[in-house]
Amino acid sequence: KNHPNTFTSKAQMEISDFIKSSGFDTEHNNKKLLNGVELDIVIKNTNICIEYNGLLYHSEKFGKKDKNFHINKTLLANDKKLILIHIFEDEWRDKKEIVKSKILHLLKKTQFKVHARKCIIKPVQQPEKESFLNSNHILGNCLSTINYGAYYNNELIAIMTFNNNRSMTSHKKNSTDYELTRFAIKLNYNVCGIAKRFLKQFINDYKPEKIISFAERTWTNNDKDNIYTQMGFNMTKVIKPDYKYFSKKLHSPIKIHKFNFGKSALSRKFPNIFDENKTEWEIMQEAGYDRIWDCGKFRYELECTNQRNS
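Here the structure is a predicted model, which means the values were calculated and not measured. Here the residue index of a chain counts from 1 through its sequence in written order. Local features in this predicted model are restricted to residues whose pLDDT is 70 or higher, and side-chain atom pairs enter the listing and the counts only when it is 80 or higher, whereas totals over whole chains, interfaces and linings include all residues. The side-chain numbers reported here are obtained from all heavy atoms of the structure, hydrogens and water having been left aside.

Student: Account for the nonpolar core, with residues named and values stated.
Tutor: Counting 30 residues, the largest nonpolar core has Phe-162, Ile-194, Ile-211 and Phe-233 as its most contacted members. Labels follow the DSSP assignment, with helices taken as runs of H or I lasting at least four residues and strands as runs of E lasting at least two, numbered in each case from the N terminus. At the level of secondary structure, the elements contributing two or more residues to this core comprise β7 (146-152), β8 (155-164), β9 (177-185), β10 (189-192), α6 (194-206), β11 (210-216) and β16 (297-303). Sorting elements by how many residues they give to this core places α6 first, with six residues. Throughout, a contact is declared for two residues whenever any of their heavy atoms are within 4.5 Å. Those residues in contact with Ile-211, other than ones at most four positions away along the chain, are Phe-162, Tyr-178, Leu-180, Leu-199, Phe-202, Ile-203, Phe-233, Tyr-300, Glu-301, Leu-302 and Cys-304. In this text, buried Ala, Val, Leu, Ile, Met, Phe, Trp, Tyr and Cys residues form a nonpolar core when linked through side-chain atoms within 4.5 Å. Exposure classes here rest on a 1.4 Å probe applied to the protein chains alone. A residue is buried below 20% of its type maximum, exposed above 50%, and partly exposed in between.

Student: So what's going on with the pattern of salt bridges? Residues and values would help.
Tutor: Counted as salt bridges are all cases of a side-chain nitrogen of Lys or Arg within 4 Å of a carboxyl oxygen of Asp or Glu. The tally for this structure, following the rule as stated, stands at 15 salt bridges. Residue Asp-90 is joined to Lys-255 by a salt bridge in which the shortest nitrogen-to-oxygen separation is 2.8 Å. One end of the pair, Asp-90, is in helix α3 (residues 89-94); the other, Lys-255, is in the loop between β13 (243-247) and β14 (256-257), with 165 residues separating them in the sequence. Across the pair, exposure class does not vary: Asp-90 and Lys-255 are buried alike.

Student: Any chance you could break down the packing of aromatic side chains for me, citing the residues and the numbers?
Tutor: The pairing test for Phe, Tyr and Trp rings, Trp by its six-membered ring, is centres within 6.5 Å, and the orientation test on the planes gives stacked under 30 degrees, edge-to-face over 60, and tilted for anything in between. The final tally for this structure, using the stated rule, is 18 aromatic pairs. Taken together, a centroid distance of 5.0 Å and an interplanar angle of 35° make the contact between Phe-112 and Tyr-189 tilted. Taken together, the positions of Phe-112 in strand β5 (residues 112-115) and Tyr-189 in strand β10 put the pair 77 residues apart, joining distant regions of the chain. Since its relative accessible area comes to 36%, Phe-112 is described here as partly exposed. With a relative accessible area of 16%, Tyr-189 lands in the buried category. With centroids separated by 5.4 Å and ring planes inclined at 85°, the aromatic side chains of Tyr-245 and Phe-261 adopt a geometry described as edge-to-face. Within this pair, whereas Tyr-245 is found in strand β13, its partner Phe-261 is found in the loop between β14 and α8 (263-269), the two being separated by 16 residues in sequence. Summarising the burial analysis for this pair, Tyr-245 and Phe-261 share the class buried. Following the ring pairs from residue to residue traces out a cluster consisting of Tyr-243, Tyr-245, Phe-261, Phe-270, Trp-281, Tyr-289 and Trp-293. Criterion for a charge above a ring: Arg CZ or Lys NZ at most 6 Å from the ring centre, at most 35 degrees from the ring normal. Residue placement shows Lys-65 over the ring face of Phe-69; its charged tip is 5.3 Å from the ring centre. When the ring centre of Tyr-151 is taken as reference, the NZ or CZ atom of Lys-122 above it lies at 4.6 Å.

Listed below in structure tokens is the structure:
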């Protein structure tokens, strides 16, 4: 409950205006629903709320938002039967159309609706997959070796990608465990039933024993009712919040995954300040970086033995 001042940012107003243009009314800086904890945007006559997280003011050092700040607010909202979506500054600035499409999907206001049975499922080549994911998935492209596309009137309107999990299960040389790495639908489309069609096709083609996947809690609040549970997955683990870095020196900062800043990388990137006795976090602060925490993930798992040819 550390919101003594009420402030509405320009981006927050842009998000609110977009929601209003879709036929909904909004309320700003509500402190009643969570008993004194502020919610940036409340969409009236729904149970959906939105937090706009500016990188600087929601960072750990400058903004004084620790690793549990965002997830704690999500859990408080969930206790009140509310869905709380987190939109980060760089996502709204750089992937605005993707964020808008996701909001419309939540509000059941998607413009185009197509049934999966009207689509042709076939493999997608890497260049087309990369372009589609960068344009239609908030996390962008991914590493994947198996890519399925749904085509409607010869147009790619949905993708699901997989990777073999040999690298994660090195003790199993011929592992038949896979990871579902991305599922994306073309902006402003609702392709009813396509996720199940993709999954069935993959299971019949590759005969996996198990499939795992991860859901970001910034957008997925309910671990028991979401796209994964609808496909038959079971939630097996709640993963704690993790952080990404951003440079305070940049006018338009972006979140950068911490994997880019291991000790060997730090010695190359910042030789003048690198010291083996310093922690990663200490070096990054000296280099002008701050970090921001997400809400963690849900880990899902599907045992496929009974799924084949069903």
